[in-house]
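An overview of the molecular structure
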Amino acid sequence: VSLLVVGLFVVATVWLDSLGLGRSMAWHMAGRADAGLILSGQWWRCVTALFLHADAGPLLANAAALAVLASMLGRRIGSGLTWGLFLLAGSLGNALHAWAQAPDHLSVGASTGVFGLIGVLAGGAGRMQRQSRVQVLLLALGFGFSFLAMLGTGEERVDLGAHLFGLLCGLPLGLLVGGWRGAHGGTGWLNAVAGAAGAALTFWAWALALAGPFGG
């Protein structure tokens, strides 16, 4: 399910841009994380910015990272909860990043949510058995640094602050859900609720974004 969600967003992005809708509807202006506008009340940009990318390179890198992370977490806590945590950690990370940056700061990309899931994985290591704790923690942190290197820390467009805040927001969430077995236990209802809530939040945020002055 997680891989299907990632694939659908990649296909939808390419398809909409090929039709010219990306240009005519000004997707990036309507949905990018604009620090000044977020602090003035346009909270939905914290969500919509997760689905926008500057070009194909970051898009494919984030899609690959999400495929790995969502699969790892989905087997443990369930796909619906993983999807909800991606949105929650990513949105909170974007909000904190906007607060810490200058009002004219702009950013896009799913990497805030990706690093949020890395934080969830790392935080969850603290709730595992002792023999697995260090291994999972090192794996999560190693994946984070490897992904950061893959994106290119020397490139101007790489927003290290967004990655850091995503990671910091994901850590406490990982401590909270690290001991759950949502994928195989009796909390299937929680995955259904988290998945539905994530989808509803995404559609609501984009509806508000595209209804604004930049969406027409």
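Residues numbered from 1 in each chain as written. Predicted model: local features only at pLDDT ≥ 70, side-chain atom pairs only at ≥ 80, totals over all residues. Heavy atoms only, no water.

1. Concerning the packing of helix 7 (residues 79-100) against helix 8 (residues 111-124)
When two helices pack together, their arrangement is captured by the angle between the axes and the distance separating the axes. Relative to each other, helix 7 and helix 8 sit at 115°, their axes nearing to 7 Å. Viewed along their axes, helix 7 and helix 8 form a crossing whose handedness is right-handed. Contacts between helix 7 and helix 8 involve Thr82, Leu85, Phe86, Ala89, Gly90, Gly93 and Asn94 from the former and Thr112, Gly113, Val114, Gly116, Leu117 and Val120 from the latter. Residues of the contact of helix 7 with helix 8, tallied by class, amount to six nonpolar, seven polar and no charged. (Axes fitted to C-alpha atoms, helices over the stretch in contact; angles between N-to-C directions. Helix = DSSP H or I, 4+ residues; strand = E, 2+ residues; numbered from the N terminus. Left-handed = near helix turned anticlockwise from the far one by under 90°. Contact = heavy atoms within 4.5 Å. Nonpolar A, V, L, I, M, F, W, Y, C, P; charged D, E, K, R; others polar.)

2. Some remarks on the packing of aromatic side chains
Within the structure shown, the criterion is met by four aromatic pairs. Considering the side-chain rings of Trp43 and Trp44, the 6.1 Å spacing of their centres and the 80° angle between planes classify their relative orientation as edge-to-face. What makes Trp43 partly exposed here is its relative accessible area of 33%. Ring pairing ties together the aromatic residues Trp43, Trp44 and Trp204, which thus form one cluster. (Phe/Tyr/Trp six-rings, centres within 6.5 Å; stacked < 30°, edge-to-face > 60°. Buried < 20%, exposed > 50% of the residue type's maximum accessible area, 1.4 Å probe, protein only.)

3. Some points on the side chain of Thr48
Mapped onto the fold, Thr48 is located in helix 5 (residues 45-48). Judged by its relative accessible area of 0%, Thr48 is buried. At a separation of 2.6 Å, a polar atom in the side chain of Thr48 contacts the main-chain carbonyl oxygen of Gly31. Apart from residues lying up to four places away in sequence, Thr48 is in contact with Gly31, Ala205, Trp206 and Ala209. (Polar contact = N/O pair within 3.5 Å; in protein donor to acceptor, adjacent residues only side chain to side chain.)

4. As for the environment of Trp189
Looking at the element boundaries, Trp189 is found in helix 11 (residues 188-210). The exposure class assigned to Trp189 is exposed, which follows from its relative accessible area of 57%. Residues Trp189 and Gly80, spaced 109 residues apart in sequence, show a C-alpha to C-alpha distance of 9.5 Å.

5. Examining helix 10 (residues 160-177)
For helix 10, with 18 residues, the first-to-last C-alpha span of 26 Å sits near the 26 Å given by 1.5 Å per residue. Along helix 10, the residues that are buried comprise Ala162, His163, Phe165, Gly166, Cys169, Gly170, Leu173, Gly174 and Val177. (Expected span 1.5 Å × (residues − 1).)

6. Observations regarding the environment of Trp27
The residue Trp27 is located in helix 3 (residues 27-31) in this model. As for Trp27 and Trp206, which are separated by 179 residues in sequence, their C-alpha atoms are 9.5 Å apart.

7. Points about the packing of helix 7 against helix 11
The interhelical angle for the contact between helix 7 and helix 11, taken along N-to-C directions, is 40°, at an axis separation of 7 Å. The angle between the axes of helix 7 and helix 11 places the two elements in the oblique class. Relative to helix 11, helix 7 is oriented so that their crossing is left-handed. Across the interface between the two elements, Ser79, Gly80, Leu81, Trp83, Gly84 and Leu87 from helix 7 touch Leu190, Asn191, Ala194, Gly195, Gly198, Ala199 and Thr202 from helix 11. In terms of residue class, the contact of helix 7 with helix 11 is built from six nonpolar, seven polar and no charged. (Parallel < 35°, antiparallel > 145°, perpendicular 65-115°, else oblique.)

8. Quick notes on the nonpolar core
Core analysis: the biggest nonpolar cluster contains 31 residues, and Phe51, Leu85, Phe86, Leu87 and Leu117 have the highest contact counts within it. When contributions to this core are tallied by element, the ones reaching two or more residues are helix 6 (56-77), helix 7, helix 8, helix 10 and helix 11. Look past the residues within four positions of Leu117 in its chain and what remains in contact with it is Leu66, Leu69, Leu73, Thr82, Leu85 and Phe86. One finds Ala35, Ile38, Ala49 and Ala98 within the second-largest nonpolar core, a separate group that totals six residues. (Core = buried A, V, L, I, M, F, W, Y, C linked by side-chain atoms within 4.5 Å.)

Keep in mind these values describe shape, not function.
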